[in-house]
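Coordinate analysis (summary)
What follows is each chain in one-letter form.
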Amino acid sequence: MAAPRPAPVDAFPTQTSDTQADTEAVLLRHIPSNDGTSPSPLSKSSHMQFLVRNLVQGFPERYVSQDASQPWLLFWTIQAFSVLQVGLDPGNKQR
């Protein structure tokens, strides 16, 4: 696998571009290398706790700015269950 290209940079650093560079550095540590070593293991239980909390209790207040996007947030939450190979019980499917 080829290494991903970093985001383009210019001569005008901003707080956003600095955050972008920091985020890319974190993510690069989790991409498998060509020598066959694997990235950090997925913490399935932590992901499940996050997903279940959002599904059952709704999204935290910090998501209020995303109010119009709630259908998409719900879609991606349910998609994450699928990726983790977890099915929803009938009660949660009905919700």
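Values in this document were obtained by computation on a predicted structure and should not be read as measured data.

What counts and what doesn't
Residues numbered from 1 in each chain as written. Predicted model: local features only at pLDDT ≥ 70, side-chain atom pairs only at ≥ 80, totals over all residues. Heavy atoms only, no water. Helix = DSSP H or I, 4+ residues; strand = E, 2+ residues; numbered from the N terminus. Buried < 20%, exposed > 50% of the residue type's maximum accessible area, 1.4 Å probe, protein only. Contact = heavy atoms within 4.5 Å. Areas by Shrake-Rupley, 256 points an atom, 1.4 Å probe, with all protein chains shown as cover. Phe/Tyr/Trp six-rings, centres within 6.5 Å; stacked < 30°, edge-to-face > 60°.

**Regarding the overall build of the protein**
When helices and strands are counted, the protein shows 4 helices and 0 strands. In the protein, the order of α-helices and β-strands from amino to carboxyl end is α-α-α-α. When the 95 residues of the protein are sorted by exposure, 9% land in the buried category. The contacts of the protein with a sequence gap of at least 6 include a subset with a gap of at least 24, amounting to 57%. Total accessible area on the protein stands at roughly 8100 Å², and carbon and sulfur atoms take up 58% of it.

**Some thoughts on the environment of Pro8**
By secondary structure assignment, the location of Pro8 is in the segment before α1 (15–28). A relative accessible area of 79% places Pro8 in the exposed class. For the pair Pro8 and Ala21, spaced 13 residues apart in the sequence, the C-alpha separation amounts to 9.8 Å.

**Section: the packing of aromatic side chains**
For the coordinates displayed, the defined rule picks out 3 aromatic pairs. Aromatic pair Phe59 and Tyr63: ring centres 5.4 Å apart, planes at 50°, arrangement tilted. When the ring of Trp72 is compared with that of Phe75, the centres are 5.7 Å apart and the planes differ by 85°; the resulting orientation is edge-to-face. Note that Trp72 and Phe75 are positioned in helix α3 (residues 70–83) at a spacing of 3 residues, about one turn of the helix. Judged by its relative accessible area of 40%, Phe75 falls in the partly exposed class. Grouped by ring-pair contacts, the aromatic residues Trp72, Phe75 and Trp76 constitute a single cluster.

**Thoughts on unusual backbone geometry**
One non-glycine residue, Gln85, adopts positive backbone phi at about 60°. Residue position: Gln85 is located in the loop between α3 and α4 (90–94).

From the geometry alone we can't say anything about function, so treat these as descriptive.
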